[in-house]
Amino acid sequence: VLPLVIGATKDPEWPVRSAAAKCLGAYGPLAREALLPLTELLQDNGSFHVKREAIVALGAMGCEARSSTLAIKPFLRNSSAHSETHAAEALCKIGGDGPAMVVERVDEMLKAHDWARASSMLSPMPPAGAGMAPHLVRWLHLTAHEDYSACAAAIKALGELGPAAKTVAPELKTLPRPVMVYGLLKLVPAEVDEAKETPGLIAELGRYRYFDFDAAGDALALIGRPAVPEMLKVLKAGDAHPEILVIITFGKFGAEGRDAVPLLMEKLKPAKEERHRAIIKSL
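Let us look at the structure shown here. Computed from a prediction, not measured in an experiment: that's the story for all the values here.

Quick look at helix α7 (residues 98-111) now. Relative to the 20 Å expected for 14 residues at 1.5 Å per residue, α7 spans 20 Å between its end C-alpha atoms, a close match to the ideal helical length. Burial in α7 covers these residues: Gly98, Pro99, Met101, Val102, Val103, Arg105, Val106, Met109 and Leu110. Elements in contact with the buried residues of α7: α5 (69-72), α6 (83-94), α8 (115-122) and α9 (133-143). His113 occupies a position one or two residues after α7 and carries a positive phi of about 60°.

Moving on, we come to the packing of aromatic side chains. Aromatic rings in a pair are described by how distant their centres are and how their planes are angled relative to each other. By the definition in use, this model includes 2 aromatic pairs. The interplanar angle of 55° and the centroid separation of 5.5 Å between the aromatic rings of Phe250 and Phe253 together place this pair among those described as tilted. Here Phe253 and Phe250 lie together in helix α16 (residues 240-253), a separation of 3 residues that amounts to about one turn.

Once that is clear, we can look at the nonpolar core. Ranked by size, the top nonpolar core spans 96 residues in total, and within it Leu38, Met125 and Leu158 carry the most contacts. At 9 residues, the largest contribution of residues to this core is made by helix α10 (residues 148-159). Apart from the residues lying within four places of it in its own chain, the contact partners of Met125 are Cys92, Val102, Val106, Met132, Leu136, Trp139 and Ala157.

Time to look at the environment of Gly183. By the secondary structure assignment, Gly183 is in helix α12 (residues 177-187). Along the chain, Gly183 and Lys166 lie 17 residues apart, while their C-alpha atoms are 10 Å from each other. Non-local contacts of Gly183, meaning those with residues more than four positions away in its chain, are made with Ile155 and Leu172.

With that settled, the discussion passes to the side chain of Thr198. Structurally, the position occupied by Thr198 is in helix α13 (residues 194-207). Contact partners of Thr198, with chain neighbours within four places excluded, come to Leu220, Ile223, Ala227 and Glu230.

Attention shifts here to the environment of Leu264. The topology assignment puts Leu264 in helix α17 (residues 261-268). Measuring from C-alpha to C-alpha, the distance between Leu264 and Leu232 comes to 9.9 Å, with 32 residues separating the pair along the chain. Once you skip the residues sitting within four places of it in the chain, Leu264 turns out to touch Leu235, Ile247, Ile279 and Leu283.

This part takes up a nonpolar patch on the surface. A contiguous nonpolar surface patch, about 250 Å² in accessible area, is contributed by Val261, Met265 and Leu283. Note that Leu283 resides in the segment after α18 (273-282). Looking at Leu283, the relative accessible area reads 45%, which means it is partly exposed.

Think of an α-helix as turning once every 3.6 residues; residues three or four places apart then point the same way. Among all positions of α17, only Leu263, Leu264, Lys267 and Leu268 are buried. In a view along the axis of α17, the buried residues occupy a sector of 145°, so they form one face of it. Facing away from the buried surface of α17 by more than 90 degrees, the exposed residues are Pro262 and Glu266.

In this structure the tally under the stated criterion is 0 disulfides. We note that Cys92 lacks a disulfide partner, and the nearest cysteine sulfur, in Cys63, lies 15 Å from it. Owing to a relative accessible area of 2%, Cys92 belongs among the buried residues under this scheme.

For the rest of this paragraph, the subject is the pattern of salt bridges. Inspection of the entire model under this criterion finds 18 salt bridges. Here Arg77 makes a salt bridge to Glu108, at a shortest N to O gap of 2.7 Å. Here Arg77 is found in the loop between α5 and α6, whereas its partner Glu108 is found in helix α7, with 31 residues between them in sequence. Measuring nitrogen to oxygen at the nearest pair gives 2.8 Å for the salt bridge that ties Arg225 to Asp259. Of this pair, Arg225 sits in the loop between α14 (210-223) and α15 (228-237) while Asp259 sits in the loop between α16 and α17, placing them 34 residues apart in sequence. Overall, the relative accessible area of 39% leaves Asp259 in the partly exposed class. Put simply, Arg77, Arg105 and Glu108 are held in one network by salt bridges that share partners.

All right, on to unusual backbone geometry then. A positive phi is found at His113, a non-glycine position, where the angle reads about 60°. Looking at where His113 falls in the secondary structure, it is placed in the loop between α7 and α8. Of the residues examined, His113 reaches a relative accessible area of 48% and is grouped as partly exposed.

Cut-offs and rules
Residues numbered from 1 in each chain as written. Predicted model: local features only at pLDDT ≥ 70, side-chain atom pairs only at ≥ 80, totals over all residues. Heavy atoms only, no water. Helix = DSSP H or I, 4+ residues; strand = E, 2+ residues; numbered from the N terminus. Expected span 1.5 Å × (residues − 1). Buried < 20%, exposed > 50% of the residue type's maximum accessible area, 1.4 Å probe, protein only. Contact = heavy atoms within 4.5 Å. Phe/Tyr/Trp six-rings, centres within 6.5 Å; stacked < 30°, edge-to-face > 60°. Core = buried A, V, L, I, M, F, W, Y, C linked by side-chain atoms within 4.5 Å. Patch = residues over 30% accessible without salt bridge, like charges linked within 9 Å, V, L, I, M, F, W, Y side chains within 5 Å. Areas by Shrake-Rupley, 256 points an atom, 1.4 Å probe, with all protein chains shown as cover. Salt bridge = Lys/Arg side-chain N within 4 Å of Asp/Glu carboxyl O. Arc of directions from axis to C-beta. Disulfide = S-S within 2.5 Å.

If you want it as structure tokens, here you go:
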């Protein structure tokens with residue numbers, strides 16, 4: 001079937017070319033014969049879907065696609081249809097000079113305080129392997145007091161590196177406490193006294209500072225069910241200020257927060273619009 005699918009990359013209809021590229025991505029390294037046709041699709045003028053699927057397929061080929069890295073690199077500067085994220089992930093998977101290209105681009109974004117785009121590119125780092133850990137730690141400190149989304153993305157990427165990330169856990173000690181706890185829970189959860197940290201994290205929700213609130217909420221969600229009783233106490237107290245933040249945080253718990261469902265349903269009926277939306281979203 002492979003020769004037929006490769007032939008479909010030349011089809012006059014762009015949806016067929018896109019589907020062919022997606023199919024070749026499923027073959028992974030077995031589609032090494034498709035390297036040139038897929039690289040040529042990066043110049044396709046029919047649709048950005050075709051280019052995106054070609055980038056993903058080349059990434060799936062891993063080191064077999066090393067010769068395509070320079071063709072993929074320009075997409076690190078193309079924000080359409082999440083091309084930057086797909087290009088970063090593909091280059092990290094391919095290896096060779098690919099990860100260095102991604103590091104260079106993320107450094108540029110962070111220097112320009114382009115936090116949102118930088119954080120979207122941090123998430124695909126783990127395929128690049130343990131060699132990315134020093135860069136992630138560096139980015140962690142650059143973003144720690146500036147933007148939580150980028151900081152959390154760096155921590156998440158570190159957590160997905162596996163055992164290699166545990167050696168950088170001491171680097172978290174200088175971060176704001178909610179971020180530090182979130183990071184430790186991702187990297188070395190055994191070092192966190194969950195019962196001791198839960199009240200402090202709930203208190204951070206009440207501060208309503210974007211950075212601390214999101215970090216505390218993410219940390220509480222990682223603690224999961226052990227944090228639910230203390231969260232329910234705050235919700236039952238009905239304090240107008242932190243209540244909505246507790247409701248929003250319960251939404252991060254997923255099924256782990258199911259004990260809150262009856263109380264959330266009870267509060268749904270008399271709720272005003274903003275709180276109404278928050279409860280529905282969490283449920």
